[in-house]
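Structure at a glance
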Amino acid sequence: MNQSAKIITLENEKLKLKIMTFGAILLSLEVKMGENKHYDVVLGHDNLENYLRYSDTYFGAIIGRNANRIKDARLTIENQEYQLEANERTSNLHSGDNGFHNQYWSIAEYEPDHLVTLSYLSEDGEQGFPGNLKTSVTYEINDTTLRIKIDGVSDQTTIFNPTSHSYFNLNGHASGSIENHYVSLKALSYQPVDQALIPTGHVESVMGTPFDLFEGRQLKTSLQQPHDQLEIANGFDHNFVIDHHYCGNRPFAEIIGDQTGIRLEMFTNLPGVQFYTGNGIPEMTGKNNAHYSHRSGFCLETQYFPNAVNEVKFMSPLIKAHQKETYETLYHFTWK
Ligand code: BGC
């Protein structure tokens, strides 16, 4: 296995990205609005040591095999029970310490002005899951659009529910709180969580609650509304059910940085999105001496519903042996 992290640059006239082979981490994403107006819109660190030190925040990493939490770190696949690492009290979060975010990926394909594909073989039993799972992630840029495509195929039925865990701040990564961002999310319902942030299994309407972001509003308008679910998570840390009219080629999310005017529209073929408002970002020094803390960035993690593997009524995140799956999320940037 290659034990040294390489950094790859992708650049065209509008976007510049840096990606690290360790964790397939998106280190930076510069939006080039014009001369002297380049904004790096994702949080990150200058060195691998800080990625390891703050690994609980999962800045920019590819998460897998399973994103978010699995209750009691336990699941059953084809009548066989599997015990996973409990890395957050009794739960498994983001697949534990051996998750994709902590692995060295290989460069399978690289065209500097267009795309990079990183691949990784997760062996049978790794993270506690069955099957040899071959996976790859492709970061591809085209004008002002970034596409993140994640493929997976296994030799046994297993879970495959990866996501990208970038923290965005559309005013620039070092510009402080994201609470003044304008956010629209095309979701009519969301999943309430228990004290351990595991969905209770219910799906609730967003109507009349701070979770109603359908028409778009300033984030702080919702965050300031009293609601027990916002209290439990200290902000948003919930899975929204993407309205089926907004799967595929209509954006399910639109976010605008109030200071730069950078607008991000997101598209996906996945059924849910975890909206996390950076409630648990610790005080730290990030790349270029930036100061990060609570609410310095937000994540929109497209995925199957959290703990879906233990909830029969949710779409299953399992893939059958030799069934190749491809999940994609597009990030389309515009500005005036
Ligand atoms: C989870 C949060 C968690 C964060 C960093 C997010 O995907 O929803 O609860 O704190 O990742 O670990």
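Chains are numbered independently. Their residues run from 1 in the order of the written sequence. Selection of residues for local features in this predicted model requires a pLDDT of at least 70, selection of side-chain atom pairs for listing and counting requires 80 or more, and totals for whole chains, interfaces and linings are taken over all residues. Side-chain calculation: all heavy atoms of the structure are included, whereas hydrogens and water are not.

**Description of the pairing of strand 1 (residues 7–11)**
For clarity, the threshold we go by: Under the scheme applied here, a residue whose accessible area is under 20% of the maximum for its type counts as buried, over 50% as exposed, and between as partly exposed, the area being computed with a 1.4 Å probe on protein chains only. Note on conventions: DSSP H or I runs of at least 4 residues are helices, E runs of at least 2 residues are strands, and numbering of each starts at the N terminus. Two strands form a pair only when DSSP identifies at least two bridges running between them.
Burial along strand 1 is one-sided: the face carrying Ile-8 and Leu-10 is buried and the face carrying Ile-7, Thr-9 and Glu-11 is not. Here strand 1 runs beside strand 2 (residues 15–20); their pairing, made up of five bridges, is antiparallel. Note on strand 2: the bridge partner recorded for Ile-8 is Ile-19. The antiparallel hairpin formed by strand 1 and strand 2 contains three residues in its connecting segment.

**Digging into the site of the ligand**
Which entries qualify depends on this criterion: Distances are taken per atom, and a residue is near a molecule or strand as soon as one of its heavy atoms is within 4 Å of it. In protein, a polar contact means a hydrogen-donor-capable atom and an acceptor-capable atom, both N or O and within 3.5 Å, with residues adjacent in sequence counting only if both atoms are side-chain atoms; elsewhere, any N or O pair within 3.5 Å suffices. Residue burial considers only the protein chains on display, and all accessible areas are found by Shrake-Rupley using a 1.4 Å probe. Gly is placed with the polar residues, together with every amino acid not listed as nonpolar (Ala, Val, Leu, Ile, Met, Phe, Trp, Tyr, Cys and Pro) or charged (Asp, Glu, Lys and Arg).
In the vicinity of the ligand there are 13 residues, among which Asp-56, Arg-69, His-165, Asp-237 and Glu-301 approach most closely. Taking Asp-56, its main chain carries an N or O atom lying 2.8 Å from an oxygen atom of the ligand. The separation between an oxygen atom of the ligand and a polar side-chain atom of Arg-69 is 2.7 Å. Expressed as a share of its isolated accessible area of 310 Å², the protein-covered part of the ligand is 91%. Of the residues belonging to the shell around the ligand, the class tally is five nonpolar, four polar and four charged.

**Considerations on unusual backbone geometry**
Here the residue pair Gly-64 and Arg-65 is connected by a cis peptide bond, since its omega of 0° sits within 30 degrees of zero. Mapped onto the secondary structure, Arg-65 falls in the loop between strand 5 (61–63) and strand 6 (69–70). Residue Leu-197 is not a glycine yet carries a positive backbone phi of 65°. Checked against the element boundaries, Leu-197 lands in the loop between strand 17 (187–191) and strand 18 (204–205). Look at Leu-197 and you get buried, because its relative accessible area is 15%.

**Comments concerning the sheet that holds strand 3 (residues 25–34)**
This is how the line gets drawn: Whenever a helix is involved, its axis is fitted only over the stretch in contact; in every case the axis is a line through C-alpha atoms, and angles between N-to-C directions fall within 0 to 180 degrees.
Here we have four strands laid out as an open sheet, ordered 1-2-3-4, and antiparallel in their pairing. In this open sheet, the two edge strands, each paired with only one partner strand, are strand 1 and strand 4 (37–40). The average undirected angle you get between the axes of adjacent strands in this sheet is 15°. Relative to strand 4, strand 3 is paired through four bridges, and the arrangement is antiparallel. Within the sheet, the bridge partner assigned to Glu-30 lies in strand 4 and is Asp-40.

**Quick word on the side chain of Glu-301**
The condition is simple: We count Lys and Arg on the positive side and Asp and Glu on the negative side, and we leave His and both chain ends out. The salt bridge definition used is simple: a Lys or Arg side-chain nitrogen within 4 Å of an Asp or Glu carboxyl oxygen. Any pair of residues with heavy atoms lying within 4.5 Å of one another is described as a contacting pair.
Secondary-structure assignment places Glu-301 in strand 26 (residues 299–303). Despite its burial, Glu-301 pairs with no opposite charge, the nearest such side chain being Arg-69 at 7.8 Å. When residues no more than four places from it in sequence are discounted, the contact partners of Glu-301 are His-94, Thr-163, Ser-164, His-165, Gly-272, Val-273, Gln-274 and Tyr-276.

**Topic: the sheet that holds strand 22 (residues 263–268)**
Pairing within the open sheet is antiparallel, and its nine strands lie in the order 10-11-12-13-28-22-21-16-19. The open sheet has two edge strands, strand 10 (106–111) and strand 19 (217–218), and neither has a second partner. Sheet topology note: the strand 11 (residues 115–122)/strand 12 (residues 133–142) ladder contains eight bridges and is antiparallel. From the neighbouring strand, Leu-118 faces strand 12, where its bridge partner is Val-137.

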